[in-house]
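Structural overview
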Amino acid sequence: MTNHRDASATITNPAALSGIDTSSAVVGLQYVNVQSEFARLHTQLSTESQGALWVPNLSYAHRLNEDSVVGLSLHSPGGLGVDYSNGVSANPLNLLESNQIAVVNLTAAASHQVTERLALGASVIAQYAALEVVTKGGDIKGDSISPTFGLSAFYQATDTINLGVNYVQSAQHSVSTNHQLLGDAAINWPASLDLGISKALNESVTLQANLGWQSWSDYDDGYQDTFSTGVAIRYTRDSWLYYSGVSYDSSPVDEHQRDTLLPLDKQWRIGLGAEKSLNSGAKMGIATSIKTLGKVRSPQTSIKHLDPADNMTQTEFTL
């Protein structure tokens, strides 16, 4: 929310693009891996799901004049495909063998400096959603493009304190599939609101905190909105930048609504990263985050997310 150093602000808070001097480009690649185990409560039947995904992360920003900066980005806000070792519901007769949902945003954004300390931003987003389900009877595929938008603000309260806010409207997709009986599938990506604050303790250390909300109730009638919070620290030494943080997300679904297709619960994330400033002026960085989803229950199954260290490991390389 308070990052005003590079073009990745196009994604997190377009208003913060006001901090870019002339231009900035970020080229990144993310690797996401997830593993879970599902076991029926009253039988010995179980199934494991696993999947991996490479995600591009590209951003570019350019200053137009003294007050205005524009940016363009391509990134994935979510999605993952998984294969099931014994059907989705731990039943060999189950037809569903794998399930994949991919969501990609193409974002065009602009920032305008309203006062010496306040900048406002807006973005227009073309969101692409794709669905692919593999069954014993054949593959089901479909995709959709839906427009949405975002509004943001960035405020330098003092020389050491920055405040940021970013809102992104929900996107609703009606995915036309190649399956005559299934017809159209609905994918409703939730709206989000994030508030952030950063405080520079000295030239080397900066503390950051974040509060967030997502409208998961838009995804499905059985889901509820979620809230998140997180803290992070940045430390600069010579040409190196080190950062770490931890965050928490509430559960979007109660036990009686939880299923194996989307076995969500409360989430904890821990992240570490480092960035090196090169003599050419470019920066190279690497970061990893580990998400633990714990062990939860649904009406018919017990869902155990394997070793938290392997549960969801996301590594991003930025050059």
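Going by the structure above, here's the rest.
Residues numbered from 1 in each chain as written. Predicted model: local features only at pLDDT ≥ 70, side-chain atom pairs only at ≥ 80, totals over all residues. Heavy atoms only, no water.

As a further point, take the side chain of Gln-127. As for its position among the elements, Gln-127 is in strand 5 (residues 118–135). Here the side chain of Gln-127 touches Asn-105 through a polar contact of 3.0 Å, side chain to side chain. For Gln-127, the side chain forms a polar contact with the side chain of His-173, separated by 2.9 Å. Those residues in contact with Gln-127 that sit more than four places away from it in its chain are Pro-77, Val-103, Val-104, Asn-105, Ser-144, Ile-145, Ser-146, Ala-171, His-173 and Trp-189. (Helix = DSSP H or I, 4+ residues; strand = E, 2+ residues; numbered from the N terminus. Polar contact = N/O pair within 3.5 Å; in protein donor to acceptor, adjacent residues only side chain to side chain. Contact = heavy atoms within 4.5 Å.)

With that settled, consider the pairing of strand 7 (residues 161–168). Pairing geometry for strand 6 (residues 138–156) and strand 7, over seven bridges, is antiparallel. Each bridged residue has a counterpart across the sheet, and for Ser-152 the counterpart in strand 7 is Asn-166. Between strand 6 and strand 7, which pair antiparallel one after the other, the connecting turn spans four residues. Two elements, strand 7 and strand 10 (residues 192–200), share eight bridges in a ladder whose sense is antiparallel. Across the sheet, residue Val-165 finds its bridge partner in strand 10, namely Leu-195. (Pairing = 2+ DSSP bridges.)

Before going further, it helps to examine unusual backbone geometry. Although it is not a glycine, Asp-238 sits at a positive phi angle of roughly 55°. Note that Asp-238 resides in the loop between strand 12 (226–237) and strand 13 (240–249). The exposure class of Asp-238 is exposed, given its relative accessible area of 74%. (Buried < 20%, exposed > 50% of the residue type's maximum accessible area, 1.4 Å probe, protein only.)

Our focus in this paragraph is the nonpolar core. Judged by nonpolar contacts, Ala-7, Ala-9, Ala-15, Ala-16, Leu-17, Ile-20, Val-26, Ala-61, Val-69, Ala-109 and Phe-154 together constitute the single largest core of eleven residues. Not counting residues up to four positions away in its chain, the partners in contact with Ala-16 are Asn-3, His-4, Ala-9 and Phe-154. By size, the runner-up hydrophobic cluster in this structure holds eight residues, among which are Ala-129, Ile-140, Val-175 and Ile-187. (Core = buried A, V, L, I, M, F, W, Y, C linked by side-chain atoms within 4.5 Å.)

Below, the discussion takes up the layout of surface pockets. Considering only enclosed or pocket space, the second largest pocket measures out at about 440 Å³ in volume. When residues of the lining of the second largest pocket are traced back to their parent elements, those giving at least two are strand 7, strand 10, strand 11 (205–214), strand 12, strand 13 and strand 14 (267–277). For the lining of the second largest pocket, the class distribution of residues is six nonpolar, 13 polar and ten charged. (1 Å grid on protein atoms, 1.4 Å probe; cavity = no way out; pocket = protein on both sides within 12 Å on 5 of 7 lines; lining within 4 Å. Points joined across faces, edges and corners; volume = space filled by probe spheres on them. Nonpolar A, V, L, I, M, F, W, Y, C, P; charged D, E, K, R; others polar.)

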